[in-house]
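Structure assessment
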Amino acid sequence: RLISFNKNTGFSHACNAAIRASESPYVALLNNDTEVSPQWLTALVEAINNDETTGMAASKILLNKTTIDSTGMFIYPDGIGRQRGRGEIDVGQYDDKTEILYPSGCACLIRHKMLDDTGLLDEDFFAYCEDVDLGLRGRAAGWGAVYAPNAVVYHKYSGTGGKYSLFKAFLVERNRIWVAVKNFPLRFILKAPFYTFKRYLYQAYSIITSRGSTAKFAQGVSVSAMAMIFLKAYGAAILKIPSMLTKRFFIKKRIATAEFSRLLKKHEVSVSELILKD
């Protein structure tokens, strides 16, 4: 059954409309720029069925037949998500079922009971980082997340939004602030500006040395245009911080702050991995 809109309402809103229309015990999120292997859905269901407290299952997402896009997600301490294994050649190093922090929203399975418990995707995000927010809310509420290596998906990365578009840069920079404000323990929020400053230094280095995704984004984009996008992102983020703080108050937290902090540290990505790799 197709649910259509007369304009682009964003990834979060569109997915939520389908989730609300579904009575299935599971919800599969799948980007429109993907191709799935025959065993994809079966492997995800088997992975999530092993434990009733598992709320999310991640796919092995490949950019082509050999290069990894995602095998679950990491987190940078200022709120940006990063794909585990991104850019590596797949030689079986991620073929073990394992706990992850949360799955990429590109191709994953979510238990409907978890969504009923935690709430749906945050529609204020429009697109990008909404999976980070949902995943962290799920973990805070005590739901587990696993990686299903046999659930293989082929992804034409950012086939809709564009790999290095200014609009994507705006959404990621704005939304990662909301992720931190809504979900991070207080001491992580206080440290986040330091990590952001460190990220900006690495992004400058990336441009100078022509290494990593920032360098590719900067090609054909003026410094003034990049600066303006970041300023607009901060302005938009600040305007809704009161709303995000209100949402933070209603997040269900069934695990101790210390345990949640350990989860974030366990699945933390380094700034060099985030910036200097594509």
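Residues numbered from 1 in each chain as written. Predicted model: local features only at pLDDT ≥ 70, side-chain atom pairs only at ≥ 80, totals over all residues. Heavy atoms only, no water.

Looking only at helices and strands, the protein features 11 helices and 9 strands. A compact globule built from 278 residues should have a C-alpha radius of gyration of about 19 Å, and the protein, at 18 Å, falls within 12% of that. The principal-axis extents of the C-alpha atoms in the protein amount to approximately 50 × 45 × 45 Å. The proportion of buried residues among the 278 residues of the protein is 52%. Considering only contacts in the protein between residues 6 or more positions apart, those separated by 24 or more positions represent 78%. (Helix = DSSP H or I, 4+ residues; strand = E, 2+ residues; numbered from the N terminus. Rg over C-alpha atoms; globule rule 2.2 N^0.38 Å. Buried < 20%, exposed > 50% of the residue type's maximum accessible area, 1.4 Å probe, protein only. Contact = heavy atoms within 4.5 Å.)

With 53 residues, the main nonpolar core has Tyr76, Ile110, Leu115, Val132, Leu136, Phe184 and Leu264 as its most contacted residues. Among the elements that make up this core, the one with the highest residue count is helix 5 (residues 166–183) (6 residues). Counting 15 residues, the second largest nonpolar core, distinct from the first, contains Ala43, Ile61, Ala107 and Val153. (Core = buried A, V, L, I, M, F, W, Y, C linked by side-chain atoms within 4.5 Å.)

This part covers helix 8 (residues 223–239). What sets the pattern is the α-helix's 3.6 residues per turn: residues three or four places apart point alike. Compared with the 24 Å implied by 1.5 Å per residue over 17 residues, the 25 Å span of helix 8 between its first and last C-alpha is a close match. Considered for burial, the residues of helix 8 that qualify are Met226, Ile229, Phe230, Ala233 and Ala237. Buried residues along helix 8 cover an arc of 95 degrees about the axis, so they all sit on one side. In this structure, helix 8 carries Ser224, Leu231, Lys232, Ile238 and Leu239 as exposed residues pointing more than 90 degrees from its buried face. (Expected span 1.5 Å × (residues − 1). Arc of directions from axis to C-beta.)

It is at 8 Å that the axes of helix 5 and helix 8 come closest, and there the two elements cross at 35 degrees. The two elements helix 5 and helix 8 cross, and the hand of that crossing is right-handed. Judged by residue contacts, Leu166, Ala169, Phe170, Glu173, Arg174, Arg176, Ile177 and Trp178 of helix 5 engage Ala225, Ile229, Phe230, Lys232, Ala233, Tyr234, Ala236 and Ala237 from helix 8. Taken together, the residues of the contact of helix 5 with helix 8 break down into 12 nonpolar, no polar and 4 charged. (Axes fitted to C-alpha atoms, helices over the stretch in contact; angles between N-to-C directions. Left-handed = near helix turned anticlockwise from the far one by under 90°. Nonpolar A, V, L, I, M, F, W, Y, C, P; charged D, E, K, R; others polar.)

What follows covers the packing of helix 5 against helix 6 (residues 186–209). For any two helices packed against each other, one specifies the crossing angle of their axes together with the interaxial distance. For the pair helix 5 and helix 6, interaxial distance at closest approach is 10 Å and the crossing angle is 155 degrees. Classified by the interaxial angle, the pair formed by helix 5 and helix 6 is roughly antiparallel. Considering only the axes of helix 5 and helix 6, their crossing is right-handed. Here Glu173, Arg176, Ala180 and Val181 of helix 5 come into contact with helix 6, specifically with Ile189, Thr196, Arg199 and Tyr200. Partitioned by chemical class, the residues of the contact of helix 5 with helix 6 number 4 nonpolar, 1 polar and 3 charged. (Parallel < 35°, antiparallel > 145°, perpendicular 65-115°, else oblique.)

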